[in-house]
Amino acid sequence: MGKVKNVLFIMCDQLRADHLSCAGHPHLETPAIDSLARRGVLFPRAYVQSGVCGPSRMSYYTGRYMFSHGATWNRVPLSLRERTIGDYLQPTGMRVALAGKTHVLPDTDGLERYGIEGGSALAALMRAGRFEELDRYDGHSPPGNESGYAAYLRAQGYNSDDPWSDYVIAANGPPNAEGHGEKLSGWHMRNVHLPARVAEEHSETAYMTREAMRFVADMGEKPWFLHLSYVKPHWPYMAPAPYHALYAAKDCLPLNRDERELVDQHPVLAAYRQHEESISFQRPDAPETVRPAYMGLIKQVDDWLGRLFDQLKKLGRFDDTLIFFTADHGDFLGDHWLGEKEMFYEEALRVPFIVYDPDPAADATRGTADRRFVEAIDVVPTCLAALGQPAYEHLVEGRSLLPLLRGGKTDTWRDAVFSELDYSFREARLLLKRGPRDCRAMMVRTDRWKYVWWQDFRPMLFDLANDPKELRDLGADGAYAHIRREMEERLAAWLKARKTRATVDDAYVEARTATHKKHGIFFGVW
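Just so it is clear, the structure is predicted and the values come from calculations on it, not from any experiment.

Participant: Explain the overall build of the chain residue by residue, including any values.
Facilitator: Along the backbone of the chain there are 18 helices and 17 strands. Computed over C-alpha atoms, the radius of gyration of the chain comes to 24 Å, within 12% of the 24 Å expected from 2.2 N^0.38 for 526 residues, which places it in the range of a compact globule. Across its three principal directions, the C-alpha atoms of the chain cover 100 × 60 × 50 Å. Considering the chain as a whole, with its 526 residues, one finds that 58% of them fall into the buried category. Within the chain, contacts between residues at least 6 apart in sequence are counted, and of these 73% link residues at least 24 apart. When the accessible area of the chain is evaluated, it comes to approximately 22100 Å², of which 51% is carbon and sulfur surface.

Participant: Give me the lowdown on the side chain of Asp-320, citing residues and values where you can.
Facilitator: Secondary-structure assignment places Asp-320 in the loop between helix H12 (285-315) and strand S9 (321-327). A residue is classified by how much of its surface remains accessible, and Asp-320, at 9% relative accessible area, is buried. Setting aside residues up to four positions removed in sequence, Asp-320 forms contacts with Lys-3, Val-4, Lys-5, Asn-6 and Pro-358.

Participant: I'd like to hear about the packing of helix H1 (residues 31-39) against H12, residue by residue, with values.
Facilitator: For any two helices packed against each other, one specifies the crossing angle of their axes together with the interaxial distance. With their axes 7 Å apart at the nearest point, H1 and H12 run at an angle of 50° to one another. Relative to H12, H1 is oriented oblique. In this structure, H1 contributes Pro-31, Ala-32, Ile-33, Ser-35, Leu-36 and Arg-39 to the contact, and H12 contributes Lys-299, Asp-302, Leu-305, Gly-306, Phe-309 and Lys-313. Residues of the contact of H1 with H12, tallied by class, amount to six nonpolar, two polar and four charged.

Participant: Account for the environment of Cys-22, with residues named and values stated.
Facilitator: In this structure, Cys-22 sits in the loop between strand S1 (6-13) and H1. Given a relative accessible area of 24%, Cys-22 falls into the partly exposed group. Cys-22 sits 16 residues away from Arg-38 along the chain, and the two C-alpha atoms are 9.1 Å apart. Residues within four places of Cys-22 in sequence aside, it is in contact with Thr-30, Ile-33, Asp-34, Ala-37, Leu-42 and Ile-354.

Participant: I'd like a rundown of the packing of aromatic side chains, residues and numbers included.
Facilitator: Counting across every chain of the model gives 29 aromatic pairs. Their ring planes at 65° and their centres at 6.1 Å tell us that Tyr-47 and Phe-373 sit as a pair that is edge-to-face. Here Tyr-47 is found in strand S3 (residues 46-47), whereas its partner Phe-373 is found in the loop between strand S12 (368-369) and strand S13 (374-375), with 326 residues between them in sequence. Residue classification places Phe-373 among the buried positions, given a relative accessible area of 2%. With a centroid separation of 6.0 Å and an interplanar angle of 80°, the aromatic rings of Phe-215 and Trp-224 are classed as edge-to-face. Take Phe-215 and Trp-224: they sit in the same class, and that class is buried. Grouping aromatic residues by their ring pairs yields a cluster made of Phe-9, Phe-43, Tyr-60, Phe-225, Phe-324 and Phe-353. When the ring centre of Trp-337 is taken as reference, the NZ or CZ atom of Arg-257 above it lies at 4.3 Å. Above the ring of Trp-304, the side-chain terminus of Arg-307 is found at 4.0 Å from the ring centroid.

Participant: Which residues make up the nonpolar core, and what values do they have?
Facilitator: With 137 residues, the main nonpolar core has Tyr-60, Phe-225, Leu-305, Phe-325, Met-343, Phe-353 and Trp-454 as its most contacted residues. The dominant element in this core, judged by the number of residues it contributes, is H12, at twelve residues. Grouped together as the second largest cluster of nonpolar side chains are 14 residues, Ile-377, Phe-418, Tyr-451 and Leu-474 included.

Participant: So what's going on with the pairing of strand S11 (residues 353-356)? Which residues, and what values?
Facilitator: Residues Phe-353 and Val-355 of S11 are buried on one face, and the alternating residues Ile-354 and Tyr-356, pointing to the opposite face, are buried as well. The sheet contact formed by strand S2 (residues 41-42) and S11 spans two bridges and is antiparallel. When the bridges of S11 are listed, Leu-42 appears paired with Ile-354. Sheet analysis places S9 next to S11, joined by four bridges and oriented antiparallel. Looking at the pairing, Phe-324 lines up with Val-355 of S11.

Participant: Please provide a residue-by-residue account of helix H2 (residues 53-62), values included.
Facilitator: Taken across its ten residues, H2 has ten buried, putting it largely inside the fold. Residues of H2 that are buried: Cys-53, Gly-54, Pro-55, Ser-56, Arg-57, Met-58, Ser-59, Tyr-60, Tyr-61 and Thr-62. A positive phi of about 75° marks Gly-63, the residue just after H2.

Participant: Mind laying out the sheet that holds S13, listing which residues take part and the relevant values?
Facilitator: Strand pairing within a sheet occurs via backbone hydrogen bonds; the two strands may be parallel or antiparallel. In space, the three strands of this open sheet follow the order S10-S3-S13, with mixed pairing throughout. Each of the sheet's edge strands pairs with one partner strand only, and the pair in question is strand S10 (350-351) and S13. Where S3 meets S13, two bridges bridge the pair, whose relative direction is parallel. Of the residues in S13, the one forming a bridge with Ala-46 is Val-374.

What counts, and where the lines are drawn
- Position numbers for residues count from 1 along each chain, tracking the sequence in the order it is written.
- The predicted nature of this model means local features are confined to residues of pLDDT at least 70 and side-chain atom pairs, given and counted, to a pLDDT of 80 or more, with totals for whole chains, interfaces and linings taken over all residues.
- With hydrogens and water excluded, all non-hydrogen atoms of the structure serve as input to the side-chain values.
- In this text, helices come from DSSP runs of H or I with a minimum length of four residues, and strands from runs of E with a minimum of two, each type numbered from the N-terminal end.
- Only C-alpha atoms enter the radius of gyration; for comparison, a globular chain is expected to reach 2.2 Å times N to the power 0.38, where N is the number of residues.
- Think of it in three bands: residues with accessible area under 20% of the maximum for their type are buried, residues over 50% are exposed, and the middle band is partly exposed, with areas taken using a 1.4 Å probe on protein chains only.
- Every residue pair with non-hydrogen atoms within 4.5 Å of one another is taken to be in contact.
- Each accessible area is a Shrake-Rupley estimate made with a 1.4 Å probe; only the visible protein chains count as cover when residues are assessed.
- All axes are obtained by fitting lines to C-alpha atoms, using only the stretch in contact for helices, and the reported angles, taken between N-to-C directions, cover 0 to 180 degrees.
- For classification purposes, angles smaller than 35 degrees are called roughly parallel, those larger than 145 roughly antiparallel, those between 65 and 115 roughly perpendicular, and all remaining angles oblique.
- By the convention adopted, Pro, Cys, Tyr, Trp, Phe, Met, Ile, Leu, Val and Ala count as nonpolar, Lys, Arg, Asp and Glu as charged, and the other residues, Gly among them, as polar.
- Stacked, edge-to-face and tilted are the three classes for Phe, Tyr and Trp ring pairs, Trp counted by its six-membered ring, which pair at centre distances within 6.5 Å; planes under 30 degrees apart are stacked, over 60 edge-to-face, the rest tilted.
- Note on criteria: charge over ring means Lys NZ or Arg CZ within 6 Å of the ring centre, with the direction from the centre no more than 35 degrees off the ring normal.
- The criterion is simple. A nonpolar core is a set of buried Ala, Val, Leu, Ile, Met, Phe, Trp, Tyr and Cys residues joined through side-chain atoms within 4.5 Å.
- Think of it this way: DSSP has to see at least two bridges between two strands before they count as a pair.

Rendered as structure tokens:
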């Protein structure tokens, strides 16, 4: 095996950490992903910096916490001042490409302010977060001009102005007297036990994997960074046959919820439980309908990753490609009486995280599980270190995982992880009568404790040693006031350490420290 020349950054959308066989799921088998874990290292305590697609991904792409990069929700653009992995790798000359979803929104105000012309190659890159978009498809609305998927579907005979809505996320209902079935939408979760109207080989996962495989083959021996970003198993939870029927309710993990959670609820949590998705998942039939389809979508991703990994083997790319497999956040699927994600429970914030390092220095750690804390912001510094690039330490807030992968010494490692939420775009803000600037929350999680600060509301606290399922909130219990103070101090120390000097690096500062006399400035002289 050789050293790292390429990077394959695989991300699933809304994939829970406990829904892989290598993570212990008793019924969902994921042999391809498991094989990657055997080649590399599984990090079972990996956490995202936000339980929302957009801010989480911006942290992955920048190596910075949400507090630092400022893209606090899906509809908030990442500022042009922020560097992404494409910016960091630009000096290498590597192609930094995307196949799939990013949730990057263009900073149109910044583009106009800086006079970056629309239609130029630079403007296209800046609008896309510095990814070359091979095919961008975000998966929760019909694909637009940024994707070839709609045209591909029509070429396969799915004749429709909107083949995604009519075939990919739709099913055929029972036939009527004329023998025709009503078209049923996957937006209604009650329908996801049925197979999608699209053939499996034409589905979203199949299409995007082939786009990635085409890119890898076309690149030959030239270096590349590819972000293969699947839109599944994110809703709409509509799976094509046979994946829609591979699993049943008996194969699902037991629901993690308790009636005691509904007593003296935290106000924000109570508001979230009034959202439509939570009300739907509180139905007894919703989890047992949705979870099997969710598992089928994961199985389909694994099968297609098996094809991709076979191609990498044939092309020799396992010898020189650093591979990440992870997710932008998890999914409650009814746990804690919630749908969606966002809240700071493990089901939403802990994600699958596997890293394969082809360098021989990593041989000693292959097939191991490392229980040290990992954060999404560690992807950027790990890539830079593996490719021998500058660390950009004045900007990057994550840590390179190479010492962990290659069995090197680490004097200290993090003993806590942090995550944030801005719920100002959500219905909970209206229910709580909050202003758009009054909806912030931050979490710190250590080995034993999880503490959540809520703007203008009481905190939440969980004792993970004695309550690993997070069913008893100690945020208002006087016996734990000293723990809450300690955790609040941790959060304050973390906030004070954010890297806000974003325009110059440390070398710039060092070269100009106490040099005023060289520039003819003699202030304070007697």
